[in-house]
Amino acid sequence: MSDHPVLHVKGGILVGPDEVRDELWVVGGRISLDRPAGVRDVRTVEGWALPGLVDAHCHVGLGAHGPVDRDTAEKQALTDRDAGTLLIRDAGSPSDTRWVDGRDDLPEIVRAGRHIARTRRYLRGYAHEIEPDDLVAYVAREARRGDGWVKLVGDWIDRDLGDLSACWPRRAAEAAIAEAHRLGARVTAHCFAEESLRDLVEAGIDCVEHATGLTEELIPLFVERGVAIVPTLVNIATFPDLAAGGDAKFPRWSAHMRRLHARRYDTVRAAYDAGVPVYVGTDAGGTLPHGLVAAEVAELVTAGIPAPDALAATTWSARRWLGRPGLTEGAPADLVVYPGDPRADVRVLAAPTRVVLNGRVVV
């Protein structure tokens, strides 16, 4: 306990969307909701406090051309931390980032292993590229390497077709997802288009990334099966530029990407209104910079999700979904402090005044 300062955090402590306390304490790196007895040398931190933010789709250790060196991965993680992201679901990385687990100054990472894609159907250097007969074996491998998640590439451009198409036959997906569940892992999938969604959901998938192809016809199926989505709207914002680059060679794909982009907000709002669980993810890594969690929350609000629920998608609900505590008695002291109430204006998330990780003020 001696190497951790005692902190007194006071102001507005957002334990939940409707539960606000006046203060909490950090003792020995953990949260105490009651004033500890006999402590001295207390540091006071004032403002509005949230649990450490969650980026549920982030890639530490991934760059534009595949894996990056350790120094680059460290900078990625520090950028996320300084933006208030203290819990990351790493939705696929070719790099071994287990060394992060020994660092109490870096965000916690919940890993999904490496992407699993169809041969020549994803970005070069990112994924295991295999055929359907090998899918079960590779899912089992990544389930054992990850932290309770496996990441499939559910669809990608088929260059012969000239458009997005599903990567996996239904039976292969069913067998692979069943194997992941047998090993105690949940499965998520990159999906831009409409075609792959029904088969993956009926095959038992737990989450869909991006989900731009979600339609009114499919939404009830997502609700019935409890399948979550992570929209990554800050990534979907790049679709027009991607489409422009493909106009000459793949006009059908380019037109499809523009349609998906044009209806992105309606898609997310319709899913939310129907009761589909929605979580915050930025798709940082690869070609997107890290530290975009505040921008993604703002995008969810722009899509029509009420501010308290957009906040929950990166705090209370997201932590519960990933099996991590919030601002509860005895939990690790991971919290972010802001100058104003983020429920009133989520834009304050872009400028935290203090970041406390594992009980220490790191920003």
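My aim in this report is to walk through the structure given alongside it, one point at a time. Here the structure is a predicted model, which is why all the values come from computation and not from measurement.

Our next topic: the overall build of the chain. Helix and strand counts for the chain come out as 12 helices and 20 strands. Taken over C-alpha atoms, the radius of gyration comes to 21 Å for the chain, in line with the 21 Å a tight globule of 363 residues would show. For the chain, the spread of C-alpha atoms along the principal axes amounts to about 70 × 40 × 35 Å. Relative to its full complement of 363 residues, the chain shows a buried share of 56%. Considering only contacts in the chain between residues 6 or more positions apart, those separated by 24 or more positions represent 66%.

A full pass over the atoms with the stated rule returns one cavity of 30 Å³ or more. Empty space within the largest cavity amounts to approximately 40 Å³. Every residue lining the largest cavity is listed: Gly 154, Ala 166, Trp 168, Ala 173, Ser 196, Asp 199 and Leu 200. A class-by-class count of the residues in the lining of the largest cavity yields four nonpolar, two polar and one charged.

With that settled, the discussion passes to the layout of surface pockets. Taken as a whole, the largest pocket spans an internal volume of roughly 880 Å³. Surrounding the largest pocket, 35 residues form its lining, Tyr 122, Leu 123, Arg 124, Trp 156 and Arg 159 being those nearest its centre. Broken down by secondary-structure element, the contributors of at least two residues to the lining of the largest pocket are strand E13 (155-158), helix H7 (239-246) and helix H8 (251-262). In the lining of the largest pocket, the residues fall into 14 nonpolar, 12 polar and nine charged. Counted as a void, the second largest pocket has a volume near 250 Å³.

Topologically, Val 337 is positioned in strand E18 (residues 335-338). Relative accessible area serves as the criterion here: at 0%, Val 337 is assigned to the buried category. Setting aside residues no more than four positions away along its own chain, Val 337 makes contact with Val 9, Val 45, Glu 46, Gly 47, Trp 48, Ala 49, Pro 352, Thr 353 and Arg 354.

The next thing to look at is the pattern of salt bridges. The tally for this structure, following the rule as stated, stands at 26 salt bridges. Arg 103 serves as the salt-bridge partner of Asp 105, at 2.8 Å between the closest nitrogen and oxygen. The exposure class assigned to Arg 103 is partly exposed, which follows from its relative accessible area of 25%. Via salt bridges that share partners, Arg 170, Glu 174, Arg 198, Asp 199, Glu 202 and Glu 217 belong to a single interconnected network.

A few words on the pairing of strand E15 (residues 186-191). Remark: a regular strand shows side chains that alternate across the two faces of the sheet. Here E15 lies mainly inside the structure; five of its six residues are buried. As defined by bridge partners, strand E12 (residues 149-153) adjoins E15 across five bridges and the pair is classed as parallel. Each bridged residue has a counterpart across the sheet, and for Trp 149 the counterpart in E15 is Arg 186. With four bridges joining them, E15 and strand E16 (residues 207-210) adopt parallel strand pairing. Among the inter-strand pairings, Cys 191 is bridged to a residue of E16, identified as His 210. Handedness of the crossover joining E15 and E16 through helix H4 (residues 197-202) is recorded here as right-handed.

Attention now moves to helix H10 (residues 293-302). Of all the residues in H10, the buried ones are Val 293, Ala 294, Glu 296, Val 297, Glu 299 and Leu 300. Residues of H10 that are buried make contact with strand E5 (53-58), strand E8 (85-90), helix H6 (233-236), helix H9 (264-274) and helix H11 (307-312). One or two steps after H10, the chain reaches Gly 304, where phi turns positive at roughly 110°.

Analysis parameters
Residues numbered from 1 in each chain as written. Predicted model: local features only at pLDDT ≥ 70, side-chain atom pairs only at ≥ 80, totals over all residues. Heavy atoms only, no water. Helix = DSSP H or I, 4+ residues; strand = E, 2+ residues; numbered from the N terminus. Rg over C-alpha atoms; globule rule 2.2 N^0.38 Å. Buried < 20%, exposed > 50% of the residue type's maximum accessible area, 1.4 Å probe, protein only. Contact = heavy atoms within 4.5 Å. 1 Å grid on protein atoms, 1.4 Å probe; cavity = no way out; pocket = protein on both sides within 12 Å on 5 of 7 lines; lining within 4 Å. Points joined across faces, edges and corners; volume = space filled by probe spheres on them. Nonpolar A, V, L, I, M, F, W, Y, C, P; charged D, E, K, R; others polar. Salt bridge = Lys/Arg side-chain N within 4 Å of Asp/Glu carboxyl O. Pairing = 2+ DSSP bridges. Right-handed = clockwise from strand over helix to strand, strands pointing away.

Shape is all these values report; function is a separate question.
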